[in-house]
Amino acid sequence: MEATLKVPLKEQENLRELFRLLEERGMQAEKGQVMNLADYIDSMDAQFEKVLSELQTVKRQLKVIEQRGIRQTLLRTVGTLEAKVGAAKAELIDLKNQFVDGVSRTLTGFRKRGILAIYQTIDFLGIRRGLLGVKRHLRQSLETADRGIISLGNIGDEMYGVKTHLGNIKRELSGKEPLETGSHEMEKGAVYQVQKMLYGTIGVLDHMEKQTDRTIRRLDCLGERAEEIRRPSVREDLKAIRTGKQRSTAKQIQPSHRRARATAR
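Residues numbered from 1 in each chain as written. Predicted model: local features only at pLDDT ≥ 70, side-chain atom pairs only at ≥ 80, totals over all residues. Heavy atoms only, no water.

Before going further, it helps to spend a moment on the pattern of salt bridges. Pairs can form between side chains of opposite charge once their charged atoms are near each other. Taken as a whole and assessed by the stated rule, the structure comprises 15 salt bridges. The salt bridge partner of Arg-20 is Glu-24, with a shortest N-O separation of 2.3 Å. Of this pair, Arg-20 and Glu-24 both sit in helix α2 (residues 13-24), four residues apart, roughly one helical turn. Owing to a relative accessible area of 37%, Arg-20 belongs among the partly exposed residues under this scheme. (Salt bridge = Lys/Arg side-chain N within 4 Å of Asp/Glu carboxyl O. Helix = DSSP H or I, 4+ residues; strand = E, 2+ residues; numbered from the N terminus. Buried < 20%, exposed > 50% of the residue type's maximum accessible area, 1.4 Å probe, protein only.)

Within the largest apolar cluster, 53 residues are counted, with the highest numbers of intra-cluster contacts made by Leu-15, Phe-48, Phe-99 and Val-194. Mapped onto this core, the elements with two or more residues apiece are α2, α3 (28-62), α4 (68-113), α6 (124-173) and α7 (190-230). In contact with Phe-48, other than residues within four places in its own chain, are Val-85, Ala-88, Lys-89, Leu-92, Val-134, Leu-138 and Met-208. (Core = buried A, V, L, I, M, F, W, Y, C linked by side-chain atoms within 4.5 Å. Contact = heavy atoms within 4.5 Å.)

You can see Leu-107 is positioned in helix α4. A relative accessible area of 18% places Leu-107 in the buried class. Each C-alpha atom of the pair Leu-107 and Leu-15 lies 9.0 Å from the other, and the pair is 92 residues apart in sequence. Dropping the residues within four chain positions of it, Leu-107 is found in contact with Asn-14, Glu-17, Leu-18 and Leu-21.

For α2, with twelve residues, the first-to-last C-alpha span of 17 Å sits near the 16 Å given by 1.5 Å per residue. Among the residues of α2, Leu-15, Leu-18, Phe-19, Leu-21 and Leu-22 are the ones counted as buried. Viewed along the axis of α2, the buried residues span an arc of 165°, placing them on a single side of the element. Pointing more than 90 degrees away from the buried face of α2 are the exposed residues Glu-13 and Glu-24. Downstream of α2 by a residue or two, Gly-26 has a phi angle that is positive, lying close to 70°. (Expected span 1.5 Å × (residues − 1). Arc of directions from axis to C-beta.)

Here it is as structure tokens:
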């Protein structure tokens, strides 16, 4: 199973076989929805890997900063975000595991139960819960990144303020006018670079959250279809009731016929 999880879903033989069976039975809508779910999982898996790899690169760059206090603050900010993103990826791995297992069991039961096997063996309700878990962790990651940007902005202001005040002391001693602690440029500074990275990460995470919302809506359509298949129609219910009444009446009439024949004898 661990080796299977490392392979993109659409490259796995079981899923290809399921797509073929769905297509043979004219179940294009179901095929499209299952394919969308597989595309989502594969896409999110790749995006998580990219974000986590970038965070690792930033952490390595921060370790060369000489000022220990600033270095530790930046590392702590990036580390917190890394933990949140890692938790979201763990949710996705569990969801992928569940999906792979469901596809395997669906192939086993498909020939016996047809379309119903899809809804009985792939736990779409469980997958929906997993998607909500991914969304929750993505939201927490976004909030962590946003707080990190604000915190780093405050650190940058403080660093600039201290630097400007020290510079003004030198300027006053040399008889020059002091500078105001106004706008500043930190494009090449470590703090600015981390802020820039966090802004980029927020953009990616926001896109991933929207992608998750769209997948949840598509999955809800599958859930509605499953309920339609599981729930008998009103006509079938009435037919079952009539059949039951007819059988009950027949059982009541049969003894009276027997009694009539017995009397005639």
